[in-house]
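Structure at a glance
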Amino acid sequence: MRVPPAQVYFADTDRQEILSRMDEVLSTGQLTLGKYGRELEEQFCRRVGSRYAVAVNSGTSAIEIAMRVLGVEGKDVLVPTNTFFATPAAVLHAGGNVRFVDVDPDTFAMDFDALRRAVTPNTVGVIVVHIAGIITPRLTDICDWCHERGLFVFEDAAHAHGSALNGQPAGTFGDAASFSFYPTKVITAAEGGMIVTDLKHIRDEALLYRDQGKASFTTNVHTRLGYNWRLSEPHAIIGLSQLKRLDEFIAARRAIARFYDERLRDLPGVTPLPIPVNCRSNYYKYICLLAPHINRAALKQTLRERYGVGLSGEVYELPCHQQPVFQQLCGLPPPLLGKEGGSRHSPPYQGGAGGGSPFPVAEDICRRHICLPISARMTVKEAAYVVDALLEAVASSQ
Ligand SMILES: Cc1ncc(COP(=O)(O)O)c(C=O)c1O
């Protein structure tokens, strides 16, 4: 048997519907900024429970647009160091400075105490990332604390379509949020992203930025330094088809996760990350922590080569503060590449107690977690095969 790390799923009926809508837009020529993009926005904000949604061509552009609208130029934005490249990159592209923050080992989310320590007089806001679809139970405290100080909170919810905390959906806690429709995500539009917000001025500004900063669709007067961040109608058609399956997809992922929870309870050396009781994860990823003596690279290789099991990508393998590009741009302590780091605008990071890394938790969890295969298509039989393969591979690595 071969088990892929993740799988995209389009039912036959969905493919037929997509093809017939594609045919319609090809024949009308309404290929971008049309009725399907608007329908996707309407349905998405209804599903998330936000007032507004703006569809864009990637999760990355959704973050950059929001950062431009929130006004980060020359200011510091706090970002968890265990996130995808796009989160800090979008801040830098919008002219802001990134200050990385360590994370909480229980949720992989930004640690509230570390956040409080990282704020500088130049800080304008915080980006929280719902890693793997998990929302930290500290999120409401983080939002309250930030808002009392006039700092924005932005949710990078690229992983979190349909996740919730205390019944409140991801994307409705901060001032605005972004989602990604990249093919590995819980739902896809092939490519695409979405900004959601309850604040009208953020929605209005996002609409301008999305379309080259044009004051209106029909004029050529440009009032903002926007870009081509538009979502095409073919992408919106695919996204609509997937959105209607979101609950079904999450239910299928949860069934696999329940199975893993049950079967991995007593596996020595491999500990599933428990989901906080008040959080409803969409199980974008199923995370397990490995005991320190297990060599992750060797384990992945054994699973792949001997058992045909592909583990899905980590979240994340290398924290951002160890990525060469951010070491150069974000004022990070001892640069990996032997070059002087040094921020353009912010004071350098303070080391941890005893001069250690300021990001010990992120470094530890990034080094020793794995993500088991999970998708809406996966069967319990495949999950059972993964568990058996993992048992054997871990035993042989002891
Ligand atoms: C946490 C996070 N933020 C942002 C993005 C960027 O989304 P996209 O690939 O749609 O640009 C991703 C996508 O992988 C992500 O995982």
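Our structure's up above, just so we're on the same page.
Residues numbered from 1 in each chain as written. Predicted model: local features only at pLDDT ≥ 70, side-chain atom pairs only at ≥ 80, totals over all residues.

**Here we look at the overall build of the chain**
- Check the secondary structure of the chain and you find 13 helices and 13 strands.
- With the C-alpha coordinates of the chain rotated into their principal frame, the extents come out at 65 × 55 × 40 Å.
- In the chain, which comprises 398 residues, the share counted as buried stands at 48%.
- A separation threshold of at least 6 residues defines the contact pool for the chain, and within that pool the share at least 24 residues apart is 68%. (Helix = DSSP H or I, 4+ residues; strand = E, 2+ residues; numbered from the N terminus. Buried ≥ 20, exposed ≤ 12 C-beta atoms within 10 Å, placed from the backbone. Contact = placed C-beta atoms within 7 Å.)

**A short note on the environment of D175**
- Its location among the elements puts D175 in the loop between β7 (168-169) and β8 (176-180).
- On the basis of neighbour count, D175 is assigned to the buried category, with 20 C-beta atoms found within 10 Å.
- On a C-alpha basis, the gap between D175 and G74 in space is 20 Å, while along the polypeptide they are 101 residues apart.
- In contact with D175, not counting residues within four places along its chain, are L70, F152, V153, F154, T197, L199 and I202.

**Comments concerning the nonpolar core**
- Counting residues in each nonpolar core, the largest one holds 116 residues, and the members touching the most others are V56, I65, A66, V126, V128, M194 and I195.
- Looking at this core, the element that brings in the most residues is helix α3 (residues 59-70), giving seven residues.
- Contact partners of V128, with chain neighbours within four places excluded, come to A109, M110, L139, I142, V153, E155 and G174. (Core = buried A, V, L, I, M, F, W, Y, C linked by C-beta atoms within 7 Å.)

**Observations concerning the pairing of strand β9 (residues 193-197)**
- Along β9, five of the five residues are buried, which leaves the element largely enclosed by surrounding structure.
- Of the two faces of β9, the one holding G193, I195 and T197 and the one holding M194 and V196 are both buried throughout.
- With five bridges joining them, strand β1 (residues 52-56) and β9 adopt antiparallel strand pairing. Pairing of Y52 across the sheet is with T197, part of β9.
- Here β8 runs beside β9; their pairing, made up of five bridges, is antiparallel. Looking at the pairing, S178 lines up with I195 of β9. (Pairing = 2+ DSSP bridges.)

**Concerning the site of the ligand**
- As a matter of local geometry, the ligand sits amid 14 residues, with S58, G59, T60, A158 and S180 nearest to it.
- Residue assignment for the shell around the ligand shows that the elements contributing at least two residues are α3 and α4 (86-93).
- Residues of the shell around the ligand, tallied by class, amount to five nonpolar, eight polar and one charged. (Near = placed C-beta within 6 Å. Nonpolar A, V, L, I, M, F, W, Y, C, P; charged D, E, K, R; others polar.)

**Description of the environment of F10**
- Here F10 shows up in the segment before α1 (12-28).
- A residue is classified by how many C-beta atoms lie within 10 Å of it, and F10, with 15 of them, is partly exposed.
- Between the C-alpha atom of F10 and that of R377, which follows or precedes it by 367 residues, the distance is 9.6 Å.

**A look at the sheet that holds strand β6 (residues 164-165)**
- Taken in spatial order, the three strands of this open sheet run β7-β6-β11, and their pairing is antiparallel. Each edge of the open sheet is held by one strand with a lone partner, namely β7 and β11 (279-280).

**Some remarks on the packing of helix α10 (residues 296-307) against helix α13 (residues 380-397)**
- One way to put it is that α10 packs onto α13 with a least axis distance of 10 Å and a crossing angle of 130°. In terms of orientation, α10 lies oblique with respect to α13. Classified by chirality, the crossing of α13 by α10 is right-handed. Contact with α10, carried on its side by A298, L299, T302, L303 and Y307, involves A389, L390, A393, V394, S396 and S397 of α13 and no other residues of that element. (Axes fitted to C-alpha atoms, helices over the stretch in contact; angles between N-to-C directions. Parallel < 35°, antiparallel > 145°, perpendicular 65-115°, else oblique. Left-handed = near helix turned anticlockwise from the far one by under 90°.)

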